[in-house]
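Observations on chain architecture
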2 protein chains.
Amino acid sequence: MKISALLTSAGINIGLCVLFWSLYSILRKQPAFVKVYFGRRIAEERRLLREAFILERFVPSPSWIVQAVKCTEEEILAAAGLDAVAFNRMLVFSIRIFSLSAILCLFGILPLHYFRRNMHHLEIHSEQLHIFTVSNVEVKSRWLWVHCVVLYIISGVACILLYLEYRHIARLRLLHLKRATPNPGQFTVLVRGIPKTTKESCSSDVGDFFTKYHTSSYLFHQVVYKAGKVQKIMTGAKKACGKLDPSTDTTLDQSCKVITYRCCLCGASSNSLQLLPNDEVVQNIYNEECAAAFVFFKTRYGALVASDLLQTSNPMEWVTDLAPEPNDMYWSNIWLPYKQLWIRRIAMLLGSIVFMILFVLPVTFIQGLSQLDQLHQKLPFLNGVLKKPYMFELVTGYLPSVILLIFLYTVPPIMMLFSTLEGPTSHSERKKSACRKMLYFLIWNVFFVSLASGTVINQLNSSSTTKDIAVRLASVIPGQTTFFITYVLTSGWASLSSELMQLFGLIWNFIRKYILRMKEDTTFVPTFPYHTEVPKVMLFILLGFSCSVLAPLILPFLLVYFFLGYVVYRNQLLNVYRMRYDTGGLYWPIAHNTVIFSLVLTQIICFGVFGLKRSPVAAGFTIPLIFFILVFNQYCRTQFLPLFKTFPAKDLIDMDREDERSGRMEHIHHGLRSAYRQFPGTEDIKLEKILTVGNDEDQDEGHSSSEPTEEETCQDKEPRRDLSHPTLKRLS
Amino acid sequence: MKISALLTSAGINIGLCVLFWSLYSILRKQPAFVKVYFGRRIAEERRLLREAFILERFVPSPSWIVQAVKCTEEEILAAAGLDAVAFNRMLVFSIRIFSLSAILCLFGILPLHYFRRNMHHLEIHSEQLHIFTVSNVEVKSRWLWVHCVVLYIISGVACILLYLEYRHIARLRLLHLKRATPNPGQFTVLVRGIPKTTKESCSSDVGDFFTKYHTSSYLFHQVVYKAGKVQKIMTGAKKACGKLDPSTDTTLDQSCKVITYRCCLCGASSNSLQLLPNDEVVQNIYNEECAAAFVFFKTRYGALVASDLLQTSNPMEWVTDLAPEPNDMYWSNIWLPYKQLWIRRIAMLLGSIVFMILFVLPVTFIQGLSQLDQLHQKLPFLNGVLKKPYMFELVTGYLPSVILLIFLYTVPPIMMLFSTLEGPTSHSERKKSACRKMLYFLIWNVFFVSLASGTVINQLNSSSTTKDIAVRLASVIPGQTTFFITYVLTSGWASLSSELMQLFGLIWNFIRKYILRMKEDTTFVPTFPYHTEVPKVMLFILLGFSCSVLAPLILPFLLVYFFLGYVVYRNQLLNVYRMRYDTGGLYWPIAHNTVIFSLVLTQIICFGVFGLKRSPVAAGFTIPLIFFILVFNQYCRTQFLPLFKTFPAKDLIDMDREDERSGRMEHIHHGLRSAYRQFPGTEDIKLEKILTVGNDEDQDEGHSSSEPTEEETCQDKEPRRDLSHPTLKRLS
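Predicted model, so just to flag it, every value in this text is computed and none were measured. (Residues numbered from 1 in each chain as written. Chains lettered and ligands numbered in written order. Predicted model: local features only at pLDDT ≥ 70, side-chain atom pairs only at ≥ 80, totals over all residues.)

Structural notes on the overall build of chain A
Convention followed: Only DSSP runs of H or I with at least four residues qualify as helices, and only runs of E with at least two residues qualify as strands; both kinds are numbered from the N terminus onward. To assign burial, the other C-beta atoms lying within 10 Å of each residue's own C-beta are counted, with C-beta atoms placed from the backbone; 20 or more indicates buried, 12 or fewer indicates exposed, and intermediate counts indicate partly exposed. Once C-beta atoms are placed from the backbone, any two residues with those atoms within 7 Å are in contact.
From N to C terminus, chain A includes 32 helices and four strands. When each of the 732 residues of chain A is scored for burial, the buried share is 45%. Sequence separation of at least 24 residues holds for 85% of the intrachain contacts in chain A that already meet a minimum separation of 6.

Description of the nonpolar core
Operational definition: Under the definition applied here, buried Ala, Val, Leu, Ile, Met, Phe, Trp, Tyr and Cys residues are grouped into a nonpolar core through C-beta atoms within 7 Å.
Core analysis: the largest hydrophobic core is formed by 117 residues, its most contacted members being Val488, Leu543, Ile554, Leu558 and Tyr587 of chain A. The residues contacting Ile554 of chain A, other than those within four sequence positions of it, are Thr481, Phe484, Ile485, Val488, Leu543 and Cys547 of chain A. Counting 115 residues, the second largest nonpolar core, distinct from the first, contains Ala80, Cys435, Phe441 and Leu573 of chain B.

Quick word on the packing of helix H25 (residues 530-548) of chain B against helix H27 (residues 587-612) of chain B
Two quantities define a packed helix pair, namely the angle between the helix axes and the distance between the axes. Residue and element names in this part refer to chain B. In plain terms, the rule: Between N-to-C directions, angles cover 0 to 180 degrees, with each direction set by a line fitted to C-alpha atoms, over the stretch in contact for helices. Oblique is the label for any angle not covered by the other classes, which are roughly parallel (under 35 degrees), roughly antiparallel (over 145) and roughly perpendicular (65 to 115). Crossing handedness is defined as follows: a turn of the near helix away from the far one that is anticlockwise and smaller than a right angle gives a left-handed crossing, while the clockwise case is right-handed. Only Asp, Glu, Lys and Arg are considered charged in this grouping, and only Ala, Val, Leu, Ile, Met, Phe, Trp, Tyr, Cys and Pro are considered nonpolar; every other residue, Gly among them, is considered polar.
One way to put it is that H25 packs onto H27 with a least axis distance of 9 Å and a crossing angle of 25°. Compared by their axis directions, H25 and H27 come out roughly parallel. For the pair H25 and H27, the sense of crossing is right-handed. Of H27, the residues touching H25 (which contributes Tyr530, Val534, Met538, Ile541, Leu542, Phe545 and Ser546) are Tyr587, Ile590, Ala591, Thr594, Val595, Ser598, Leu599, Leu601, Thr602 and Ile605. Classifying every residue of the contact of H25 with H27 by side-chain character gives 13 nonpolar, four polar and no charged.

Here's the deal with the interface of chain B and chain A
By a widely used convention, the size of an interface equals the accessible area lost when the partners come together. At the interface, 29 residues of chain B touch 29 residues of chain A. For the side of chain B that touches chain A, the elements supplying multiple residues, two or more each, are helix H13 (300-308), helix H14 (338-369), helix H28 (616-639), helix H29 (641-645) and helix H30 (649-662) of chain B. With five residues, the top contributor of residues to the side of chain B that touches chain A is H28 of chain B. Taken together, the residues of the side of chain B that touches chain A break down into 17 nonpolar, nine polar and three charged.

Looking at the relation of the copies chain B and chain A
Applicable threshold: Superposition of the copies used a least-squares fit over C-alpha atoms from residues whose pLDDT is at least 70 in both.
For the pair chain B and chain A, the relating rotation is 180°, the translation along its axis is 0.0 Å, and the fit reaches an RMSD of 0.0 Å. One copy is carried onto the other by what is essentially a two-fold rotation axis. By residue overlap, the copies meet face to face through one surface: 100% of the interface positions of chain B are interface positions in chain A.

Remarks on the sheet that holds strand S3 (residues 290-297) of chain A
All names here are of chain A. Filter applied, for reference: The pairing criterion for strands is at least two bridges between them, as found by DSSP.
Read across the sheet, four strands follow the order S2-S3-S1-S4 without closing on themselves; strand pairing throughout is antiparallel. Pairing within the sheet leaves two strands with one partner each, and these edge strands are strand S2 (218-225) and strand S4 (319-322). Averaged over all pairs of adjacent strands, the angle between their axes in this sheet comes to 25°, without regard to strand direction. As defined by bridge partners, strand S1 (residues 188-192) adjoins S3 across five bridges and the pair is classed as antiparallel.

Quick look at the packing of helix H6 (residues 144-179) of chain B against H27 of chain B
All names here are of chain B. H27 packs onto H6 with a crossing angle of 170° between their chain directions and a minimal axis gap of 11 Å. It follows that H6 is roughly antiparallel to H27 by the angle criterion. Residue-level inspection shows Leu144, His147, Leu151, Ser155, Ala158, Leu162, Tyr166 and Ile169 of H6 in contact with H27, the latter providing Trp588, His592, Val595, Leu599, Gln603, Cys606 and Phe610. Among the residues forming the contact of H6 with H27, the class breakdown is eleven nonpolar, four polar and no charged.

Some remarks on the pairing of S3 of chain A
Residue and element names in this part refer to chain A. By the criterion of burial, S3 is predominantly enclosed, with eight of the eight residues buried. Bridge count between S2 and S3: seven bridges; the pairing is antiparallel. Looking at S3, one finds that Gln222 is bridged to Phe294.

Here's the deal with the environment of Ala10 of chain A
Residues and elements named next belong to chain A. You can see Ala10 is positioned in helix H1 (residues 3-27). What makes Ala10 buried here is the crowd of 20 C-beta atoms within 10 Å. Placed 480 residues apart in sequence, Ala10 and Thr490 show a C-alpha to C-alpha distance of 9.0 Å.

Points about the confidence of the model for chain A
All names here are of chain A. Quick reminder of the rule: pLDDT runs from 0 to 100 and stands for how confident the predictor is about each residue.
Across chain A, pLDDT averages 76, with 71% of residues at or above 70. Note that pLDDT drops below 50 for residues 455-467; the model gives that stretch 15 contacts with residues more than four away or on any other chain. Taken as a whole, residues 682-732 scores under 50 in pLDDT and shows 130 contacts with residues more than four places along the chain or in a different chain. Both confidence scores are given for the complex: pTM 0.81, ipTM 0.79.

Here it is as structure tokens:
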């Protein structure tokens, strides 16, 4: 690709960006779209914009950018949680390291590539891009030591920055742990794999076990039963009452109360409950198999100890884990038998691998597009169009990335499905698993397959086949710069703009309002899609490192992406997305590992390049660097990783004592009784009555329901708080 | 190699075996060698043979074989511990699976290889060995499905056997845990990474921390100081008193008492202690840095909880692990700063890898020997000798393995050194680490490098290079059968005989007795060298699986090896080696993983072979098999592995309660006070007096000493029990 084609591509994207950003700065001021652009603010801060027609509303303004940049880390932490801060630090890290790389590579390395001795230069705009890559350096060049030194500087600074960021996030995680308002999850253990006993009920089994083996810290427990008839009845009733009057209620808080008073099962008065076939319900609950149980402990330390230990000699029974936060619970999976999980995980791993491999087919086809001669053969009707020089540049420089991007849009839902089928019990675990899958997917399909299906590999294959992987990568990377730069432009810049515009949200809002004529649903606010955005940023970091020394022309484009991303994501985290749950910074270790992987890959590629250019000194010097990075990674693992896997006992004990001293513990224990509600459509007292009618023994119940996932619509947190159904067993 | 050469080789080895075994059955009856052949019995059971000259003593007899085979698993467990049982189970597993393989392969597959259509057969003794391998099967043969079916049967049966064995060992481990006499290690946590504080002493820091954060279960603690002047003085004194009179004492128990009464420092009367420079000692102890501490808990459960948790927010401080058994303590490493360990581990990993790679050089040279034309070039003076056909067969069939064997003798000490430098705090951990290193070493250097340096690979390299690894392995395996069979004969059979004969022990015994004229040292009895024997058996299992279907001729030789090994190792475990410590079956997961690796490798190789023979159906059918094995492995990991990593809380709590109920707990707590003795040359009361002279505060001490490793001579368990130095801090 020529420079001019690159400029065309860049021009299109800059145009799109300016257009989208201007549009956004107008649209965000329109009251009609306030739901789309200020979801979090409305839901959490109850702030609304005045509706008034003033000219100001239709003039693009950059004030939101200033706001996004100015807000402090504390504000982000308060508004969007530690995960948002960790994500923000990924962007800050990228900006820092790639600013340095850009300065070093553009001023130190690019001239070496361009001003090769005895070379005839064309006019700058018709130069081929590879003139600016390492492939333009002579074999046995004396200047390769510059590459080597720059590689050392970048790797060293990256390590220092990584260390500082890791330490920072680890500190924040500890602060987060301490500062948080009492989190029921810290006192609660989710028990799975409860063995069947024939005589007694499951609930008394759980009670007996923990009374016997965790005597001093056990408080009470709450059993989760498998979804059964009760749940079906309830779901049916809920649907019915949803149909009764979907349009009368206007505000969030009223809407659910309306349902409550209309419907007999979703929590009505005690009189109306008499309508239910009580005996059947009770009978049913006893017949159901016990799926899991929440066990509540007196102290955080007690829960930590119970969750950390292997309980019995059968590792598949009495499996204890710290329970997720109540909002984080993914109820649909809780009834899965624990014995199934390992095979589910393997099946989903296999599924993901097969999916990744099959996805290679479209990617390969797309890469073929960038070779125009193949395109002529495959799509002969395009011949006329492609003869125009402008179209030619558009097709080779831009089209492949766009097609790839469209294909890529189908991936996150599929990965999310795989992660759901794995059987996690929390939304955050599910999202984290999807994030990891997406990351592998992108690195594999965008980075490696793009390289493998690129042009240079074909030439290599025919001529010399005994080369190492390092050498292969080394020869391919400079050739694929074109693709990577356009990928940054399309997938990076353009998708940021579309993220800012919330295209899907806008369209959906429009359809709901004007076509379906549904009432505005202010209660549903999406959570931040870490599983798509973290892998995206990580992929760009990988591209940045691996191209930095060899093809530095990509760096300015990348740097612009990270700056834009910094602004856009901060804005979105503050205004659009809502924090329903928080992993406490668990995305950072994923990011850290990816950066380490990128650095090592970069060094391996450079080793190959130096080998190809027959510079044994430079090649030799990269080996200790690889070793150094791996040692550094091990250091970070020993130093910080344990904090991301468990909680330090000392801090938890201190918190427990502080709460006991101040008398807050009683209050916390009381709060635990209503913390976890499996089925959000009923109230405590009502259902307890149903059950005690059938049986006087104070028995625990709970009903699993296929709770709607976070992306679904009608039910959400607030209504769940009002209408709930805990059914606890008190320690008598 | 021809069949006749193989028979020569086998003949030599059978002769050697018969000779050695007959010699052994005579020598074991000689009173002069009773120390060599009945070390464990003498040391533990105090049984001695009558010394009488009867003819029976000079007639070989097979009674010991009967004894070795007859003894039950309980007897082995009692005499040599759970590790010995696990090792025994590895041999039993091998015998079972390879008996089946031998039957299937010799009667099902070997005829298919030999009776190829349209083939002219020579006389059987001059047939080349490769006639019996899969390389003699025609391309596109219809008979490859037999190979595939046999592979399925072997893999399936291996999985069933593996599962049963794993379950058996896991059960025994639990029983071992419960049945064991109260083990101080279960009540004790080894704390490392104690942070420095300027004001108070290290001991009070430890006391404060555990009193504060493990209030209910903390009992008392004992601090380990870094080796300092005290230790130097003591070592000096010990040496001096050793020189005083090394020859007077005749029996084990007397010998050490003699020293006790002679020497002022190794535990004398209180009067003689006044000779010591008390002030200096005390001063010194305070100046020393605190290295580690033993913290004792009231219950096993308390110790388990304390060892499992992350104590503080700094993962490098207050690191707690369950302490090894007292006999298992490796005192020399205990003073290593915990912060160093991770880098030590990396350095040793790197060291091992470099060592493994450098070792390739002699192996390659040896493999070259089996190609005679190269030998002629390199060692021209041998030409005359090599022309004799007998010598020719000897050199090609036997010499390479012998040379390799001699080189291999140097490896275990080096690997042990690497493992020691890693900084483990127990002998068993050190041995396990060395075992793992040896295993990787053998698999890499004997299996893979032998294959890579073999003849066939050279031909491959020149002709076709784009083949997969599977295909490469597939084409090399049948060609290397010669080497593998002779390796089984030399390294397997012969080394078993030398193990039985205890050649080193015999020679050393002879030198001590008749040349150095030293007194007989009955106290030193070696422990079983798991780090050399487990990898050896595992390597043979790998050879067995990978050759079974492709070159079944190796199986009878291998089967003989496993039968001989079964007899020899049981005999040695019962009579020669002593159990000083026990990992509780932790070698089994290593064995399990190696078998899984062998199975998968076999299947990959078969996949390659079927591909080479152009049988897509057979090749296709091996892929689900690989997947099945990996799923099975994952199942075993989830089902059994947690039991080998920690102890189940339920069982420990039950044991604690049982002990409390029966009043044994008091007794156990009392025993803890003298359980761990860092410096074995002094008595409690004596040194406590020294210290309280200098400072009235009840201060803890201990002195690290470079305690002799188990292979060393003078000090051993028994004397350590008599003369000891605990210096404990009681909880006031």
